[in-house]
Amino acid sequence: MNGVKQKILKLKAEKDVCILAHSYMSEEVCSVADFVGDSYALAVKAKDAPQSVVIMCGVRFMAETVKMLSPHKRVILSNPKAGCAMAEQFDKEVILEVKKRYPDYAVVAYVNTTAELKTVADVCVTSSSAVKICRAMPEKNILFIPDINLGTYVSQKVPEKNFKLLSGGCPAHAQVEAADVLKAKSAHPDALFLVHPECRPEVVSLADYVGSTTGIMDYAEKSDKTQFIIGTENSITEHLRVKCPDKEFYPLSDRLVCGNMRITTPEDVLKCLEGTGGEEIFIDEDVRVKAVKCIERMIKLGG
Ligand code: 13P
Ligand code: SF4
């Protein structure tokens, strides 16, 4: 075990800190975490973690979600520069204007949104829970924000409801094209194609499986097939190569990289534990009280 990892594990135990890591984190960061998962699992875990301090290794909206669910805990974002390009695409005023045009539509917000934006949402969803929640909610009309690709995917899976979509999205996932899939499939004709629903509909329509970051990993691990093209951030391809050394994993595109998810290092985590780094998350209580309702509703409907 290297020195930094050893120091993290020692300090974490001494200070009774919970380290949560999103599945896009590096192998090194995941190896010091108490729990690694997708956005939905992290939200549920954050609510139940017994420790009074949580270090979130992921992006800002994930740390905000933890703080909203556990306002009495100290929540620290391990690298303050880690934002999510999609989360900050729309501000509250824009959504309020759109809501005026569709007053009888419930606002379903992808969890990749700011705390401020969640104050005007009726319910949150993640990639793994969006279909289930949109089906389960009693409202028939849904204004889905901000990801047009996830929104399109969900609207196809839940045809009994009416959807209005905004034109936001993830710059990393939205840039891959059907041509990338065809190229990867012709290079690896026996491989299954597993994709994240943040990709464009024409990319998603070519997939053998559509799911969240950990959904993709679970599918590949359990499958009796041995070759997979991975259509999400390339860290998932790297993790799968470690987890399943007997299988072959190919990235859909070299461009599937999220700079924000790549910047957190074990050294950042150590600095948080030593009190010299990271950023403690504070959320205005008025914003928190309004925003947390849609996260709690997500957990209730998502199960
Ligand atoms: P998951 O909910 O699948 O973990 O996705 C989070 C994310 O940011 C994907 O780009
Ligand atoms: Fe946000 Fe896209 Fe990065 Fe996920 S991959 S954190 S949606 S910018």
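This text goes with the structure placed above it.
Residues numbered from 1 in each chain as written. Chains lettered and ligands numbered in written order. Predicted model: local features only at pLDDT ≥ 70, side-chain atom pairs only at ≥ 80, totals over all residues. Heavy atoms only, no water.

Section: the site of ligand 1
1) Next: Neighbouring residues of ligand 1: H22, Y24, D38, S39, N112, S127, H173, H196, E198, S212 and T213.
2) Next: Take N112: an N or O atom from its side chain is 3.2 Å from an oxygen atom of ligand 1.
3) Next: In isolation ligand 1 exposes 300 Å². Once the protein is present, 96% of that is buried.
4) Next: Put simply, ligand 1 lies in the largest pocket.
5) Next: Of the residues contributing to the shell around ligand 1, the split by class is one nonpolar, eight polar and two charged. (Near = heavy atom within 4 Å. Polar contact = N/O pair within 3.5 Å; in protein donor to acceptor, adjacent residues only side chain to side chain. Areas by Shrake-Rupley, 256 points an atom, 1.4 Å probe, with all protein chains shown as cover. 1 Å grid on protein atoms, 1.4 Å probe; cavity = no way out; pocket = protein on both sides within 12 Å on 5 of 7 lines; lining within 4 Å. Sits in = over half its atoms within 2 Å of the grid points. Nonpolar A, V, L, I, M, F, W, Y, C, P; charged D, E, K, R; others polar.)

Side note on the site of ligand 2
1) Next: Close contacts around ligand 2 come from Y24, C84, A85, M86, N112, C170, H173, E198, C258 and M261, and that covers them all.
2) Next: In this structure, ligand 2 is accommodated by the largest pocket.
3) Next: Looking at the shell around ligand 2, its residues break down into seven nonpolar, two polar and one charged.

Regarding the packing of aromatic side chains
Each aromatic ring pair is summarised here by two numbers: the centre-to-centre distance and the angle between the ring planes.
1) Next: Under the criterion given, the structure shown has three aromatic pairs.
2) Next: The interplanar angle of 20° and the centroid separation of 4.5 Å between the aromatic rings of Y209 and Y219 together place this pair among those described as stacked. Within this pair, whereas Y209 is found in strand β10 (residues 209-210), its partner Y219 is found in helix α12 (residues 213-222), the two being separated by ten residues in sequence.
3) Next: Residue Y219 is classed as partly exposed on the basis of its relative accessible area, which comes to 29%.
4) Next: Aromatic pair F228 and F249: ring centres 5.4 Å apart, planes at 15°, arrangement stacked. Remark: F249 occurs in strand β12 (residues 248-251) and F228 occurs in strand β11 (residues 227-231); sequence separation between them is 21 residues. (Phe/Tyr/Trp six-rings, centres within 6.5 Å; stacked < 30°, edge-to-face > 60°. Helix = DSSP H or I, 4+ residues; strand = E, 2+ residues; numbered from the N terminus. Buried < 20%, exposed > 50% of the residue type's maximum accessible area, 1.4 Å probe, protein only.)

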